[in-house]
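Each chain, letter by letter, is given below.
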Amino acid sequence: MHLAGLLSDLLLALWRGTIDCAASDDVELWEWRVMHGDVWEAHGEAVAAAGQYLPRSFDRKPRNIAEKMNTGYKTWEFQLYLFGLAPALTYGLLPELYWLNYCRLIAGFQIICQHRIARSDLQRAQVILGEWELEFEELYYQCHQDRIHFIRPCAHQVNHLVSEAIQKGPPVCYAQWTMERTIRNLGQEIRQPSEPYANLSREGVHRSQVNALKAMLPELDEPPKGLPTGAVDLGDGYALLRKRDCRSAYPQGAEKRAITLFLDEPAPEIFKWARLKLPNGQIARSLWRESLKSMDATKPLQISRNVKFSLDGVIRFGEVHYFTQLATETIGSDDGETEWSFVNVAVISLFSLPDKELLELSSHVVASCTNHGDDEIRVIDAKSIPDVVTMVPHRPRLPSGVVEDRFFMVEKPGLDVASFGILPVDDAAEGEDSNNDSDDAMDVTETSHRLPG
């Protein structure tokens, strides 16, 4: 079965108190049993409400887990819930020691879910997941013989993820999703009803031969589909997609000031663009167009305008107002004539940096920010945007004691995880020898768009 589904089943059974309780034990003594009754119902509603903030590129959004958990809740929903939404939604709900232990699991699992994993990240994941398993046994099992069934095989399997990744590559290459997709595809290619297993074996051999040839000669592979009509190819996998303004117009207010500051000259007339295609296949959208759609429509809006980008060497998050092309004037180096070119940019409003105390407390899993809105509009290079992220509203009590409206960030599992300056296992105190630890990412061939299970 999928590891994400098994871990979800184990942790929720513990937190809800539905796991088998021996006659010599007492469920009322389990301090981690907090999700029951009205608390569980409210938690399910919070999960469903958060779903509308997940972009469509995140695939199936989690439904109300309190209502749908036992009626066809998909493994992908469990994965988005357990490894995306739940760390923030259970903050202040789970007792602190149990929440900290849970966040360690998520921190290690997020690293392992990536399609490309640096060796230093593997070292960090091994430490984190090893600590999680030991603490999990101490917190839940507590050396009680009547609780030995709490330690299911999936809890021990987590500690082997890194060693398996070193031997075989990232789990995305051999996860159950990958195998299920391959089996289904090979089954669809069988045309003769007689000797199905011999035919299936032959189709598998043929598929392997074709894949080997394409790996050696990439030009044999089918070329990617072209861009839709009206799109502008920006290179490096980026492209501006319509809709686009019919007429150019001068920007106004804070946006005008941001463009003027970016160009160091008066803001020109611009055409607004609604969407940006990213190299990872995601589509970043804009407030300009999404604000015209209703959250209560028959097909509710799933917000796709929040992005991750690098600003002055720091990972930041922002809400895209629109994309545009700014005409800039340069002097030719050869003949000294004036040349004009376009700079492709995104006009965004910044979110604040994540709350440092909560970020460190959660093992860099829960990034909680405030939205500066029009008070901090910036213009950034469109190619500095690698991913679309989710910013879900919540109202936590921060470690400082402050209670305020904020947004927590969720990345799609499998994409590069925002590091926020995390040091590798050999941190700055032992940094002199860190050059021996290569940070090169493992080279793998991605065989699935799904993640480890």
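Residues numbered from 1 in each chain as written. Predicted model: local features only at pLDDT ≥ 70, side-chain atom pairs only at ≥ 80, totals over all residues. Heavy atoms only, no water.

### Observations concerning helix α1 (residues 3-16)
So, step 1. Taking 1.5 Å per residue as the helical rise, α1 with its 14 residues ought to reach 20 Å, and the 20 Å between its terminal C-alpha atoms agrees with that figure.
So, step 2. Taking burial as the measure, the 14 residues of α1 include 11 buried ones, the bulk of the element.
So, step 3. Along α1, the residues that are buried comprise Leu3, Ala4, Gly5, Leu7, Ser8, Leu10, Leu11, Leu12, Ala13, Leu14 and Trp15.
So, step 4. Two residues or fewer past α1, glycine 17 is found with a positive phi of approximately 75°. (Helix = DSSP H or I, 4+ residues; strand = E, 2+ residues; numbered from the N terminus. Expected span 1.5 Å × (residues − 1). Buried < 20%, exposed > 50% of the residue type's maximum accessible area, 1.4 Å probe, protein only.)

### Quick notes on the packing of α1 against helix α6 (residues 119-141)
So, step 1. For the pair α1 and α6, the least separation of the axes is 13 Å and the interaxial angle reads 30°. Between α1 and α6, the interaxial angle falls into the category roughly parallel. Helix-helix and strand crossings are classified by hand; for α1 and α6 the assignment is left-handed. Taken together, the residues of α6 that come into contact with α1 (itself represented by Leu7, Leu10, Leu11, Leu14 and Trp15) are Trp132, Phe136 and Tyr140.
So, step 2. In terms of residue class, the contact of α1 with α6 is made up of eight nonpolar, no polar and no charged. (Axes fitted to C-alpha atoms, helices over the stretch in contact; angles between N-to-C directions. Parallel < 35°, antiparallel > 145°, perpendicular 65-115°, else oblique. Left-handed = near helix turned anticlockwise from the far one by under 90°. Contact = heavy atoms within 4.5 Å. Nonpolar A, V, L, I, M, F, W, Y, C, P; charged D, E, K, R; others polar.)

### Digging into a negative patch on the surface
So, step 1. Where like charges cluster on the molecular surface, the negative patch consists of Asp38, Glu41, Glu45 and Glu67.
So, step 2. Of all the elements, helix α2 (residues 38-51) adds the most residues to the negative patch, at three residues.
So, step 3. You can see aspartate 38 is positioned in helix α2.
So, step 4. Look at aspartate 38 and you get exposed, because its relative accessible area is 69%. (Patch = residues over 30% accessible without salt bridge, like charges linked within 9 Å, V, L, I, M, F, W, Y side chains within 5 Å. Areas by Shrake-Rupley, 256 points an atom, 1.4 Å probe, with all protein chains shown as cover. Salt bridge = Lys/Arg side-chain N within 4 Å of Asp/Glu carboxyl O. Lys, Arg positive; Asp, Glu negative; His and termini not counted. Charge placed at Lys NZ, Arg CZ, Asp CG, Glu CD.)

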